[in-house]
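Architecture and fold: a report
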Amino acid sequence: MPRSLMQPEFLVQRDKERCIECKTCVRQCGFGVHEYEEARGVLVSNDSECVSCRRCVVFCPTGALQIKKNEAYRENSYWTEDRLRDLRRQAEFGGTLLTGMGCDRTYPIYFDHILLNASQVTNPPIDPLREPIETRVYIGRRPEKPVPASASGCGIPLTGMPMQVSAEVPAAVSAEMPCEMPKGAATVELGEMAKGPTTVESGEMATEMPPAVKLEIPVIFSAMSFGSISKNAILSIARAAASLGTMFNTGEGGMHRDLEPYKDHMIVQVASGRFGVDPSYLNAGRIIEIKIGQGAKPGIGGHLPGEKVGEEIALTRGIPRGSDAISPAPHHDIYSIEDLRQLIYTAKEATEYRKPVSVKIAAVHNVAAIASGAARAGADIIAVDGLRGGTGAAPKMIRDNVGLPIELAISAVDRRLRREGLREKVFLIAGGGIRCSADLAKIICLGADAAYIGTAALLALGCHLCHKCYTGNCSWGIATQNPYLTRRINPELGSQRLINLLTAWSHELKEIMGAMGINAIESLRGNRLQLRGVGLPENELRELEIKQAGEAM
C-alpha cells in the first residue's frame, strides 16, 4: 500500500516531568488517541487520530498535556492549509468529505459590524433592576382584526366561515369584483376555520384566539434529534426549556418516551423521512414544525448510519434496528406551495387546529419569496436557518459554500412580508449563528420575533467544536450513542448550565433594552433605527435596512 501523504492536523504534547501515568487521558478520549503500552510501561499518543476536542487537556490532573496545531503544509493566501488538507484527503480516499457543526469559513460576520443604540436625555434609559422590562413573547399566528358579520362587503356573513389568505389578486380581476377592496389586495377564501377574534356574533366579539404558546424569553432550543445527539443531551435541553419557560425541538428523529414530562415545552418536527410521525406524535407537542431545509445543508437530506441505530433509536424513529435512517432531500409529497399548504392543513386537521404549525426553511438566495409562499400557505410560524447553523453531519462543500448569513436572510424575509402585508400574520424565528445576547438583540431589531440556538447550547454542555460529530465518538458525550461516553452528561447538571446561560442572556437583553429606553420586546422587533453599521459597504447597509454609524436618527 502506498505511503500516505496526509499529516496529522494536531500534535499531542506530553510533559513527562508532569505526567504521573494515571491513564486519565486513555479513559477520557473517545477517539483512541492515547494508549498505555504495557510492555514498555509508557503512555503514547497517536497524533493522526487527534481532533482537538481537548477532553484530555481539561481532565489531566497535572496539566501535562497540550494540543498544538500542526503546521505541516506550505500554504499561501490562495492555497490555504484547509484547502490543501481536503484536496489530499480526497486524492487518497475519494468520496465526499463530511463535517459537523456550522460553517467556519471567514465570511463577514454582520453581527460584529452592527452597533446598538442607547438613550440619553430626551428618551431616558430604563433601569431593569427598578422598572419592569418585558421579554415575554407569544409564538403563533396573530389574531385578525375584528370584523362585523355584515361587513364582508358582499353581503356574506363572515361568522364561522373558514378563512385563508390567498395570493394577491391581479388588478384586472379585482377591478371586476363586486366587493369593494383595494386593487391587488389579499382575498378571503375557504380554508382554515377562523380561530381569532375575526367575527362578531349578536353584537359581541368572538373571544377564541388562534393557538399560541408563551415564551418567557425570545430564545428557543433548535432542532437536534435523538440519534444526532445523545439522550442525556436532549434531556438536559428539555429540562432547561421547562425551567426557563421556553421551548425545545425534537428534531426529525421522533419523540423519545423519556421526553413525555416535557411535552408542554416541546416542538415536534416533521421532516422528509417522517420518522416517528403519527397522530399521537403530532398531538404530543405544543407546536408542529415542518422542516423543508436546514441552514448547514440546504437542499441536502440526512443519513443516520445503521450502526448508530440501536434499540432505543429504532423504537423512537419507528424503523428496524440496525437499518440506515435516510431522510431524502425533498419531501416526496411537496413540489409546490400548494403541496406545502396541504401538509400544513393536514397537521392542523390532525390536531384539531389547536397547535401552531411552523415551516422551517434554509436561508437561500430566494428565501424571502419562499417565506412569503409559506405564509400564504397557512404557516403560523416561519423559521429561517442561516449559513452558520449547526448539523450533526453534512458534506463540507455544501456546508461552507451554500446559503446566506442569517442577518441578511432575516432582513430580506421581514422586508418582503411587510411589503406584502403578511408580517403581522406570522411569527418569525431566526437561527444559525446566535452567539450571545447582543446577537439576539440585533437579530430581533432586524425583524425576528425570537431566535433558535443550537451550537451555543451544545457549547454550554461542553462541546469544543472539533467538527467530528458525524463520527459518533464525541468525547464530551454529546454527539454519540456510545453508553460509555453518553453517561458523561448528567441531565440535571447539564440543564443547570443551560439555565445559567439563558438567565444571563435574559439579564443582558433587559440591560440592552433598558439602555435604549425600550420596556417591551415588541418595541424592539424590527426597530432598525436602533442599529448602525460599521465597516459595511452601502449595498449591504441597504440590504440590512440600517444606517451608517454616525448618521442621526
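Residues numbered from 1 in each chain as written. Predicted model: local features only at pLDDT ≥ 70, side-chain atom pairs only at ≥ 80, totals over all residues. Heavy atoms only, no water.

1. Remarks on the overall build of the protein
Scanning the protein for helices and strands turns up 17 helices and 25 strands. Within the protein, buried positions represent 49% of all 553 residues. Pairs at least 24 residues apart make up 69% of the contacts formed inside the protein by residues separated by at least 6 positions. As presented, the protein carries roughly 26000 Å² of accessible surface, and 53% of it is formed by carbon and sulfur atoms. (Helix = DSSP H or I, 4+ residues; strand = E, 2+ residues; numbered from the N terminus. Buried < 20%, exposed > 50% of the residue type's maximum accessible area, 1.4 Å probe, protein only. Contact = heavy atoms within 4.5 Å. Areas by Shrake-Rupley, 256 points an atom, 1.4 Å probe, with all protein chains shown as cover.)

2. A word on the packing of aromatic side chains
With the rule as written, the count across this model stands at two aromatic pairs. Plain terms: the ring middles of phenylalanine 59 and tryptophan 476 are 6.1 Å apart, the flat faces sit at 50 degrees to each other, and that makes the pair tilted. Placement of phenylalanine 59 in helix α2 (residues 55-59) and of tryptophan 476 in the loop between α13 (455-461) and α14 (483-486) is noted, with a sequence separation of 417 residues between them. Classification of phenylalanine 59 as partly exposed rests on a relative accessible area of 37%. (Phe/Tyr/Trp six-rings, centres within 6.5 Å; stacked < 30°, edge-to-face > 60°.)

3. Considering the sheet that holds strand β20 (residues 381-385)
Judged by pairing direction, the sheet is parallel, and its eight strands sit side by side in the order β13-β23-β22-β20-β19-β16-β15-β14 without closing on themselves. Each edge of the sheet is formed by a strand with only one pairing partner; in this case those strands are β13 (219-221) and β14 (248-249). (Pairing = 2+ DSSP bridges.)

4. Structural notes on the nonpolar core
Formed by 137 residues in total, the largest nonpolar core has its most connected members in Phe221, Ile382, Val384, Ile443 and Ile478. Inspection of this core shows a minimum of three residues originating in each of domain 1 (10-95) and domain 3 (213-525). (Core = buried A, V, L, I, M, F, W, Y, C linked by side-chain atoms within 4.5 Å. Domains from an automatic or database assignment.)

5. Comments concerning the confidence of the model for the protein
Of the residues in the protein, 88% reach a pLDDT of 70 or more, and the chain-wide mean stands at 88. Confidence drops under a pLDDT of 50 for residues 147-201, and excluding neighbours within four residues, the segment shows 100 contacts in the predicted structure. (pLDDT = per-residue confidence, 0-100.)

6. Some details on the packing of helix α5 (residues 231-244) against helix α15 (residues 491-516)
Running from N to C, α5 and α15 cross one another at 45 degrees; their axes reach a closest spacing of 8 Å. On the basis of the axis angle, α5 is oblique to α15. Where α5 crosses over α15, the handedness of that crossing is right-handed. Contact residues: Asn232, Leu235, Ser236, Ile237, Arg239, Ala240, Ser243 and Leu244 in α5; Pro491, Glu492, Gly494, Ser495, Leu498, Ile499, Leu502 and Thr503 in α15. When its residues are assigned to classes, the contact of α5 with α15 shows eight nonpolar, six polar and two charged. (Axes fitted to C-alpha atoms, helices over the stretch in contact; angles between N-to-C directions. Parallel < 35°, antiparallel > 145°, perpendicular 65-115°, else oblique. Left-handed = near helix turned anticlockwise from the far one by under 90°. Nonpolar A, V, L, I, M, F, W, Y, C, P; charged D, E, K, R; others polar.)

7. Here's the deal with the pattern of salt bridges
Applying the stated criterion across every chain yields a total of 37 salt bridges. The salt bridge partner of lysine 396 is aspartate 86, with a shortest N-O separation of 3.0 Å. One end of the pair, lysine 396, is in helix α10 (residues 396-401); the other, aspartate 86, is in helix α3 (residues 81-93), and 310 residues separate them in sequence. Taking relative accessible area as the criterion, lysine 396 reaches 13% and is therefore assigned buried. When its relative accessible area of 7% is taken as the criterion, aspartate 86 is described as buried. We note a salt bridge from glutamate 424 to arginine 525, for which the minimum N-O separation is 3.4 Å. Separated by 101 residues along the polypeptide, glutamate 424 in the loop between α11 (406-419) and β22 (427-431) and arginine 525 in the loop between α16 (521-524) and β24 (531-533) bring together distant segments of the chain. Because the salt bridges share partners, they merge into one network encompassing Asp414, Arg415, Arg418, Arg423, Glu424, Asp449, Glu522, Arg525, Arg528, Glu543 and Glu545. (Salt bridge = Lys/Arg side-chain N within 4 Å of Asp/Glu carboxyl O.)

8. Quick notes on the pairing of strand β16 (residues 287-291)
Taken across its five residues, β16 has five buried, putting it largely inside the fold. Side-chain alternation along β16 places Ile287, Glu289 and Lys291 on one buried face and Ile288 and Ile290 on a second face that is also buried. Relative to strand β19 (residues 357-362), β16 is paired through four bridges, and the arrangement is parallel. Residue pairing for β19: lysine 291 is matched across the bridge by lysine 360.

9. A word on helix α8 (residues 337-350)
The end-to-end C-alpha distance of α8 is 20 Å, a good match for the 20 Å that 14 residues give at a rise of 1.5 Å each. Taken together, the buried positions of α8 are Leu340, Leu343, Ile344, Tyr345, Ala347 and Lys348. Positive backbone phi, approximately 55 degrees, marks glutamate 352, located one or two places after α8. (Expected span 1.5 Å × (residues − 1).)

10. Topic: the sheet that holds strand β25 (residues 547-548)
Reading across from one edge, β6-β24-β25 is the order of the three strands in this open sheet, with mixed pairing throughout. Edge positions in the sheet fall to β6 (114-116) and β25, since each has one partner strand and no second. Bridge count for β6 against β24 is three bridges, and the pairing is antiparallel. Among the inter-strand pairings, leucine 115 is bridged to a residue of β24, identified as arginine 532.

11. Quick notes on the environment of alanine 240
With respect to the helices, strands and loops of the structure, alanine 240 is situated in helix α5. Those residues in contact with alanine 240 that lie beyond four places of it in its chain are Phe221, Ser495, Leu498 and Ile499.

12. A short note on unusual backbone geometry
Not every positive phi belongs to a glycine, and arginine 274 is a case in point at roughly 55 degrees. Positive phi outside glycine occurs at leucine 465, with the angle close to 55 degrees. For leucine 465, the position within the fold is in the loop between α13 and α14.

13. Re the packing of helix α12 (residues 437-445) against α15
Taken N-terminus to C-terminus, the directions of α12 and α15 make an angle of 55 degrees; their axes are 9 Å apart at the nearest point. With respect to their mutual orientation, α12 and α15 come out oblique. Along this stretch, α12 crosses α15, giving a crossing that reads as right-handed. From α12, Ser437, Ala438, Leu440 and Ala441 reach across to α15, where they touch Trp505, Glu508, Leu509 and Ile512.

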